[in-house]
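Reading the structure
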Amino acid sequence: MLKSSVSDRPLVLLGAGGHARVLLALVRASGRALLGVCDPALQAQGRGDWEGVPVLGGDEALDRLGPARVDLALGVGQLARSGLRSRLYVAWSARGYAFPALVHPAAWVAPDVALGDGVQIMAGAVVQPGSVLGTNVTVNTHASVDHDCRIGADVHIAPGAVLCGAVQVGDGAFIGAGAVLIQGLRVGAAAVVGAGVTLVRDLAPGALIVGPANRLLDTDPGLAGPMRETGSSRR
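This model, assessed by the stated rule, comprises 4 salt bridges. Of the charged contacts, one joins Asp 71 and Arg 9 as a salt bridge, the two residues approaching to 2.7 Å between their closest N and O atoms. With a gap of 62 residues between them, Asp 71 in strand β5 (residues 71-74) and Arg 9 in the segment before β1 (11-14) connect regions that are remote in the sequence. We classify Asp 71 as buried; its relative accessible area is 2%. The shortest N-O distance in the salt bridge between Asp 63 and Arg 95 comes to 2.3 Å. Pair noted here: Asp 63 is in helix α3 (residues 60-65) and Arg 95 is in the loop between α4 (84-94) and β6 (102-103), with a separation of 32 residues, a long-range link.

Under the defined criterion, the tally for this structure stands at 2 aromatic pairs. Taking 4.8 Å as the distance between ring centres and 45° as the angle between the ring planes, the aromatic pair formed by Tyr 89 and Phe 99 counts as tilted. With Tyr 89 in helix α4 and Phe 99 in the loop between α4 and β6, this residue pair connects regions lying 10 residues apart in the sequence. The class for Tyr 89 is buried, based on a relative accessible area of 10%. An angle of 80° between the planes, with centres 5.5 Å apart, marks the rings of Trp 92 and Tyr 97 as edge-to-face.

Our focus in this paragraph is the environment of Pro 159. By the secondary structure assignment, Pro 159 is in the loop between β15 (156-157) and β16 (162-163). Residue classification places Pro 159 among the partly exposed positions, given a relative accessible area of 37%. Sequence separation between Pro 159 and Asn 140 is 19 residues; the distance between their C-alpha atoms is 4.8 Å.

All right, on to helix α1 (residues 18-30) then. For α1, which comprises 13 residues, the first-to-last C-alpha distance of 19 Å matches the rise-based estimate of 18 Å (1.5 Å per residue) to within 8%. His 19, Ala 20, Leu 23, Leu 24, Leu 26 and Val 27 are the residues of α1 that are buried. The arc enclosing the buried residues of α1, seen along the axis, measures out at 160°, which places them on a common side. Facing away from the buried side of α1 by over 90 degrees, the exposed positions are Gly 18 and Arg 21.

Let us now look at the sheet that holds strand β4 (residues 53-57). Sheet architecture is open: 5 strands sit in the order β3-β4-β2-β1-β5, paired in mixed fashion. Where the open sheet ends on each side, the last strands, each with one partner, are β3 (49-50) and β5. Relative to β4, β3 runs antiparallel, the two being bridged by 2 bridges. In the sheet register, Trp 50 faces β4, and the bridge partner there is Val 53. Packing against the sheet, α1 makes contact with β1, β2 (34-38), β3, β4 and β5, and its axis sits at approximately 165° to β1.

What counts as what
- Residues numbered from 1 in each chain as written.
- Predicted model: local features only at pLDDT ≥ 70, side-chain atom pairs only at ≥ 80, totals over all residues.
- Heavy atoms only, no water.
- Salt bridge = Lys/Arg side-chain N within 4 Å of Asp/Glu carboxyl O.
- Helix = DSSP H or I, 4+ residues; strand = E, 2+ residues; numbered from the N terminus.
- Buried < 20%, exposed > 50% of the residue type's maximum accessible area, 1.4 Å probe, protein only.
- Phe/Tyr/Trp six-rings, centres within 6.5 Å; stacked < 30°, edge-to-face > 60°.
- Expected span 1.5 Å × (residues − 1).
- Arc of directions from axis to C-beta.
- Pairing = 2+ DSSP bridges.
- Contact = heavy atoms within 4.5 Å.
- Axes fitted to C-alpha atoms, helices over the stretch in contact; angles between N-to-C directions.

Note that all results are geometric; they support no functional claim without further evidence.
Listed below in structure tokens is the structure:
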């Protein structure tokens, strides 16, 4: 079972975009101490304050602080098929920094749920008993993860998505806003379930399913080639 690291070190927020603002609200609601924010764009603008939080500088500010003094909260959001968030998590973890799991007090997480490091669970989200969330997973606002789900590393579950019982999601997959995944399905690594899709069958690694007609698109095994339509998910 995964268990997030626990410490009383203050947090430093990485990034200052929309996701960072939502994460800042979580941190404040939870009462966790926040030292400041690191963001190269804010530093370039000469900003000393962002959303009432001190701007510490760019990445070099972390070199001055060091992993023994602060933990990190990754405020860079996840876009489908973008590996930036994962790369940042891996890079700073390799330098010894911890990313504690962060749960909004208005979320509900069953006591036996296993949370990996870097998990972020936003306001109104629900994670039911027996579920396991891997490292650097985001369960966004009002998303629901039902019993016995297994969520791999670097997965983003967008606002309002619903995963019914015993769904398995591979590393790096993206579940779009308002998507519904019926019970027992498997979503492969790096697959994308588009916003509003109702998924009724397994989805292969790297596949993309979108739109009200549940059009299934896929790409080459390296996820680098052009996507092509392969028909409905209900074939």
